[in-house]
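Residues per chain, in single letters:
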Amino acid sequence: MNHVEIDDYVLDVLLPDLTGHDRSPAAFLVYVVLWTKLYRSEQRSIGVSLNQLSELAGLSKSAVQGAIRILKRRGLVKITKSTRTAVPQYELVRHWVHRRAKRNLTA
């Protein structure tokens with residue numbers, strides 16, 4: 001059985017924030033699906049179609065689209081496309097890692 005490491009921040013802060021404040025458990029599910037895909041691929045970004053995300057998260061395509069909008073608005077995901085019809089490339093933005101590193105340097 002494979003295990004996926006998840007930062008404490010994701011569970012302690014993002015989970016209650018996305019599900020409570022943003023009222024979007026779907027955004028958290030999509031974030032965890034992207035986290036898992038990226039962790040297992042050991043890549044900085046990964047191409048995933050809307051259909052794949054929908055299937056992996058167990059959500060409708062419209063729920064995934066709404067979740068992606070929230071994640072993008074919150075600055076938690078960076079999305080790039082080579083063309084308008086290309087499969088999106090997703091990169092997670094882990095701003096808490098940079099803050100923690102800066103805090104450790106100044107301490």
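Residues numbered from 1 in each chain as written. Predicted model: local features only at pLDDT ≥ 70, side-chain atom pairs only at ≥ 80, totals over all residues. Heavy atoms only, no water.

Asks: Explanation requested: unusual backbone geometry in the structure shown.
Replies: As a rule of thumb, non-glycine residues mostly have phi less than zero, and peptide bonds are mostly trans rather than cis. Unusually for a residue other than glycine, Arg23 sits at a positive phi of about 50 degrees. On the secondary structure map, Arg23 appears in the loop between α1 (8-21) and α2 (25-41). We note that Glu42 has phi near 55 degrees; this positive angle belongs to a residue other than glycine. Mapped onto the elements of the fold, Glu42 is located in the loop between α2 and β1 (46-47). (Helix = DSSP H or I, 4+ residues; strand = E, 2+ residues; numbered from the N terminus.)

Asks: Hey, could you run me through the nonpolar core in this one?
Replies: Across soluble globular proteins, nonpolar side chains show a tendency to be buried alongside one another. Formed by 26 residues in total, the largest nonpolar core has its most connected members in Leu18, Val30, Tyr31, Leu34, Leu53 and Leu71. By residue number, the principal contributor to this core is α2, which donates nine residues. When residues no more than four places from it in sequence are discounted, the contact partners of Leu71 are Leu18, Ala27, Val30, Tyr31, Leu76 and Val77. (Core = buried A, V, L, I, M, F, W, Y, C linked by side-chain atoms within 4.5 Å. Buried < 20%, exposed > 50% of the residue type's maximum accessible area, 1.4 Å probe, protein only. Contact = heavy atoms within 4.5 Å.)

Asks: Explain the packing of aromatic side chains to me, please; I cannot follow it from the model alone.
Replies: Each aromatic ring pair is characterised by the separation of its centres together with the angle its planes make. Scanning the model with the defined rule gives two aromatic pairs in all. A centroid spacing of 4.4 Å and a plane angle of 15 degrees characterise the contact between Tyr9 and Trp96, whose relative ring orientation is stacked. Taken together, the residues Tyr9 in helix α1 and Trp96 in helix α5 (residues 95-106) connect sequence positions 87 residues apart. (Phe/Tyr/Trp six-rings, centres within 6.5 Å; stacked < 30°, edge-to-face > 60°.)

Asks: Sorry if this is basic, but what is going on with the pairing of strand β3 (residues 89-92) here?
Replies: In the sheet, β1 pairs with β3 via two bridges, with the strands oriented antiparallel. Within the sheet, the bridge partner assigned to Ile46 lies in β3 and is Tyr90. (Pairing = 2+ DSSP bridges.)

Asks: Got a minute to help me understand the pattern of salt bridges in this structure?
Replies: When the charged atoms of two side chains with opposite charge come close together, those side chains can pair. What the rule picks out here adds up to five salt bridges. Across the salt bridge formed by Asp17 and Arg74, the nearest N and O atoms sit 2.2 Å from each other. Separated by 57 residues along the polypeptide, Asp17 in helix α1 and Arg74 in the loop between α4 (61-73) and β2 (77-80) bring together distant segments of the chain. Look at Arg74 and you get partly exposed, because its relative accessible area is 29%. Close ionic contact of Asp22 with Arg74 constitutes a salt bridge, the shortest N to O distance being 2.3 Å. In this pair, Asp22 sits in the loop between α1 and α2 while Arg74 sits in the loop between α4 and β2, placing the two residues 52 residues apart along the sequence. Within this structure, Asp17, Asp22, Arg73 and Arg74 form a network of salt bridges that share partners. (Salt bridge = Lys/Arg side-chain N within 4 Å of Asp/Glu carboxyl O.)

Asks: What am I meant to see in the packing of α2 against α4 here?
Replies: Geometry of a packed helix pair, given as the angle between the helix axes and the separation of the axes. Direction vectors running N to C along α2 and α4 enclose 85 degrees, while the axes themselves pass 8 Å from each other. On the basis of the axis angle, α2 is roughly perpendicular to α4. Residues Ala26, Ala27, Val30 and Tyr31 of α2 form the contact with α4, whose own contacting residues are Ala63, Val64, Ala67, Ile68, Ile70 and Leu71. Within the contact of α2 with α4, the residues separate by chemical class into ten nonpolar, no polar and no charged. (Axes fitted to C-alpha atoms, helices over the stretch in contact; angles between N-to-C directions. Parallel < 35°, antiparallel > 145°, perpendicular 65-115°, else oblique. Nonpolar A, V, L, I, M, F, W, Y, C, P; charged D, E, K, R; others polar.)

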